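Listed below are the residues making up each chain.
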Amino acid sequence: MDRLSAIDASFLAGERETSHMHVGAVMIFEGPPPGREESLEHIASRLHLVPRYRQKLAFPRFEMGRPLWVDDPSFNLEYHVRHTALPAPGGIEQLRLLTARIFSQRLDRSKPLWESWYVQGLEEERFAIISKTHHALVDGVSGVDLATVLFDLTPVPPEQSEVPDWTPSPEPSDAQLVAEGIKGVVRAPVDVARRALSAARHPEQAVTRAREAAEGLGEVAWANLNPAPETPLNVPIGSHRRVWWTATELDQFKAVKNSLGGTVNDVVLAVVSGALARWLRTRGVRTEGVELRAQVPVSIRSDDEHNRLGNRIAVMRAPLPVYARDAVERLRIVREAMQGLKESKQALAAQVIAGLEDFAPPTILSMASRMNWSTRLFNLIVTNVPGPQFPIYLRGRELLELVPVAFLPQNYALTVAAMSYNGKLDFSLLGDYDAMPDIDELGGFLEDALAELLEAAGTPPGRKRRAKAAPATA
């Protein structure tokens, strides 16, 4: 029985009927889709490499500690692997519509928290897989590592090795779950004592880290005194979603940062800033002097923690200068602000806060989790995840496009996610159905904002603005 970390449990605590905490991706492949039996057999042959995918949540009674992962004795792979088809003509719009519907449905907490939809009928002799996994199970960076479980690095699949038998452990009783909770309570002061002993052995390091953590907590407190502005992005939301995405070239972002300075992530934030500025003005919102605040997740996963499930992330509050009319000026503001954040102690403070939450009772943890996505602090989430920069394959079929799909916290109408793969960088927008009827227009503004930066960098965009299409809705 593995207990969820405080960060993992916060994603459960933050979930509501209208706010689903699952994340995933739309993966588009070349060639005909594998048959139902072939896909089930392939997943079954590698499922032992990710045992968490056969486990479900167990909640101790009387709130005796955070939930635990336990084997699901009723695990049925056919429940989690779904097969469906797109209606004609099988274009990207139909795929977006299906994705929106799938992400509008909450995962069943009585079962392992994941689904995988195999979609046939996609035009140009392609098929897609829509994956959906609860954020309590996996974060973006570890999720990329886990892709190696199902995907191959060569077009020719390796010979299938012998699959070990799986026998689920007996489901724990209420008494056993409570006992595990008591163990956690007992271990807490031991962990505190261990940290104190380590500090006594290395006093200089302890003092330095304590000072930096205090500075970081002070910076976070100061940020709390400067609330995010009120915008149409922060309104009550429903359970239904709209989805939109576009593919760009990673080299375009590198060309901009090489010419104008900054990092690829700085360019991503500048593009999002430019798109949101235009979108707000179409809504009649004045942007003079307005700076949106984005929650930017940062991985704190070390090299030896790769291929492990669970969340190892901290968040930073990044500015989106929608008041700046010039694209180069927006990038400069973002670049300087992000450099300042990296030199600040915000990320360290987030780790300290996460460490304190490890000792918090579930009720307090639930209250704290709501602060993680407070609209007083943030207007939206903007996440950028690096993916593999080489082609990967599923049963000999090349993955052509990898589109990330994030989640919407309560009172957040929009999340922007970007992910790079094999030279491409895909942007996706996940929006509330009622609050974002113009999500496709915002997507077009993303393309325009990138084109402005490319022109300023002296690099032709290389592709024309796509024609406006009807938005995908749930």
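A brief report on the enclosed structure follows. Worth saying up front: this structure is predicted, and the values here are computed from it rather than measured. (Residues numbered from 1 in each chain as written. Predicted model: local features only at pLDDT ≥ 70, side-chain atom pairs only at ≥ 80, totals over all residues. Heavy atoms only, no water.)

## Here's the deal with the packing of helix 8 (residues 250-260) against helix 9 (residues 264-282)
Counted only if it meets this: Comment: axis = line fitted to C-alpha atoms, over the contacting stretch for helices; angle = value between 0 and 180 degrees taken between N-to-C directions. Secondary structure follows DSSP: runs of H or I at least 4 residues long count as helices, runs of E at least 2 residues long count as strands, and numbering of each begins at the N terminus. Any angle between 65 and 115 degrees counts as roughly perpendicular, while under 35 counts as roughly parallel, over 145 as roughly antiparallel, and the rest as oblique. The criterion used for residue contact is that any of the two residues' heavy atoms lie within 4.5 Å.
Where helix 8 contacts helix 9, the two axes come as close as 9 Å, and the packing angle between them is 100°. Taken together, the axes of helix 8 and helix 9 are roughly perpendicular relative to one another. Each of L250, F253, K254, V256 and K257 in helix 8 lies in contact with helix 9, whose residues at this interface are V264, V267, V268 and V271.

## Overview of the packing of helix 8 against helix 13 (residues 439-456)
Just so we agree on the cut-off: A crossing counts as left-handed when the near helix is turned anticlockwise from the far one by less than a right angle, and as right-handed when that turn is clockwise. Gly is placed with the polar residues, together with every amino acid not listed as nonpolar (Ala, Val, Leu, Ile, Met, Phe, Trp, Tyr, Cys and Pro) or charged (Asp, Glu, Lys and Arg).
Two numbers describe how helix 8 lies on helix 13: the axes approach to 9 Å, and their chain directions differ by 45°. When the axes of helix 8 and helix 13 are compared, the pair comes out oblique. The crossing of helix 8 and helix 13 is left-handed. Contacts between helix 8 and helix 13 pair Q252, F253, V256 and L260 from the former with L450, L453, L454 and A456 from the latter. In terms of residue class, the contact of helix 8 with helix 13 is made up of seven nonpolar, one polar and no charged.

## Concerning the packing of aromatic side chains
Going by this rule: In this scheme Phe, Tyr and Trp rings, the latter by its six-membered ring, pair at centre separations within 6.5 Å, and the angle between planes marks the pair as stacked below 30 degrees, edge-to-face above 60, and tilted otherwise.
One pass over the full model with this rule turns up six aromatic pairs. Aromatic pair F29 and F151: ring centres 5.9 Å apart, planes at 45°, arrangement tilted. In this pair, F29 sits in strand 2 (residues 22-30) while F151 sits in the loop between helix 5 (140-150) and helix 6 (174-201), placing the two residues 122 residues apart along the sequence. Measuring from centroid to centroid gives 5.3 Å for Y53 and W114, while their planes differ by 55°, and the two rings are tilted. Of this pair, Y53 sits in the loop between helix 2 (36-46) and strand 3 (55-58) while W114 sits in strand 6 (residues 114-122); the two residues are 61 residues apart in sequence, bridging distant segments of the chain.

## Observations concerning the pairing of strand 6
Where we set the bar: Classification of residues uses two cut-offs on accessible area relative to the type maximum, computed with a 1.4 Å probe and protein chains only: under 20% is buried, over 50% is exposed, and between them is partly exposed. Whether a crossover is right-handed depends on one test, that the path from the first strand over the helix to the second runs clockwise when the strands point away from the viewer. Strands were regarded as paired on the criterion that DSSP finds at least two bridges between them.
Within strand 6, seven of the nine residues are buried, leaving the element largely enclosed by the surrounding structure. You can see the chain leave strand 5 (residues 81-85), run along helix 4 (residues 92-103) and come back into strand 6, and the turn it takes is right-handed. Sheet topology note: the strand 6/strand 7 (residues 126-134) ladder contains seven bridges and is antiparallel. In the sheet register, V119 faces strand 7, and the bridge partner there is A128. Between strand 6 and strand 7, which pair antiparallel one after the other, the connecting turn spans three residues, and E124 there sits at a positive phi close to 65°.

## Considering the sheet that holds strand 6
Here we have six strands laid out as an open sheet, ordered 5-6-7-2-13-12, and mixed in their pairing. The open sheet has two edge strands with one neighbour each: strand 5 and strand 12 (393-394). The sheet contact formed by strand 5 and strand 6 spans five bridges and is parallel. In the strand pairing of strand 6, V81 is matched with S116. Packing of helix 2 onto the sheet brings it into contact with strand 5, strand 6, strand 12 and strand 13 (397-405), and relative to strand 5 it is tilted by some 150°. Across the sheet, helix 4 lies against strand 2, strand 5, strand 6, strand 7 and strand 13, angled at about 20° from strand 7, the strand it touches most.

## Details of the nonpolar core
Quick reminder of the rule: The nonpolar core is taken to be a set of buried Ala, Val, Leu, Ile, Met, Phe, Trp, Tyr and Cys residues, with the residues joined through side-chain atoms within 4.5 Å.
Membership of the largest hydrophobic core comes to 50 residues, with the highest contact counts inside it found for F253, V271, V272, L276, L320, L414 and F427. Considering every element that reaches this core, the biggest residue donor is helix 9, with 12 residues. Those residues in contact with L276 that sit more than four places away from it in its chain are L233, L292, L320, V322, L380, L414 and L442. L12, V50, L57 and L107 belong to the second largest nonpolar core, which has 43 residues in total.

## Considerations on the sheet that holds strand 1 (residues 2-3)
Through backbone hydrogen bonds, the strands of a sheet pair up, either in parallel or in antiparallel fashion. With antiparallel pairing, the three strands of this open sheet are ordered in space as 1-4-3. The sheet is open, and its two edges are formed by strand 1 and strand 3, each paired on a single side. The pairing of strand 3 with strand 4 (residues 68-71) spans four bridges and is antiparallel. By the bridge assignment for strand 4, K56 is matched with V70.

## So, the pairing of strand 7
The buried count for strand 7 comes to nine of nine residues, which makes it a mostly enclosed element. With burial as the criterion, each face of strand 7 is covered, one bearing R126, A128, I130, K132 and H134 and the other bearing F127, I129, S131 and T133. Examined bridge by bridge, strand 2 and strand 7 share nine bridges and lie antiparallel to one another. Each residue of the ladder has a partner; that of F29, found in strand 7, is F127.

## Overview of the pattern of salt bridges
Put simply, the rule is: Between Lys or Arg on one side and Asp or Glu on the other, a salt bridge is scored when a side-chain nitrogen of the former is within 4 Å of a carboxyl oxygen of the latter.
Under the counting rule described, the total for this entry stands at 23 salt bridges. A salt bridge links E37 to R36; the shortest N-O distance between them is 2.7 Å. For E37, a relative accessible area of 53% puts it in the exposed group. Since its relative accessible area comes to 39%, R36 is described here as partly exposed. Residues R46 and D152 are paired through a salt bridge, measuring 2.9 Å at the closest nitrogen-oxygen approach. Of this pair, R46 sits in helix 2 while D152 sits in the loop between helix 5 and helix 6, placing them 106 residues apart in sequence. When sorted by exposure, R46 lands in the same class as D152, which is buried. Overlapping salt bridges bring together E15, E17, R106 and R109 as one network.

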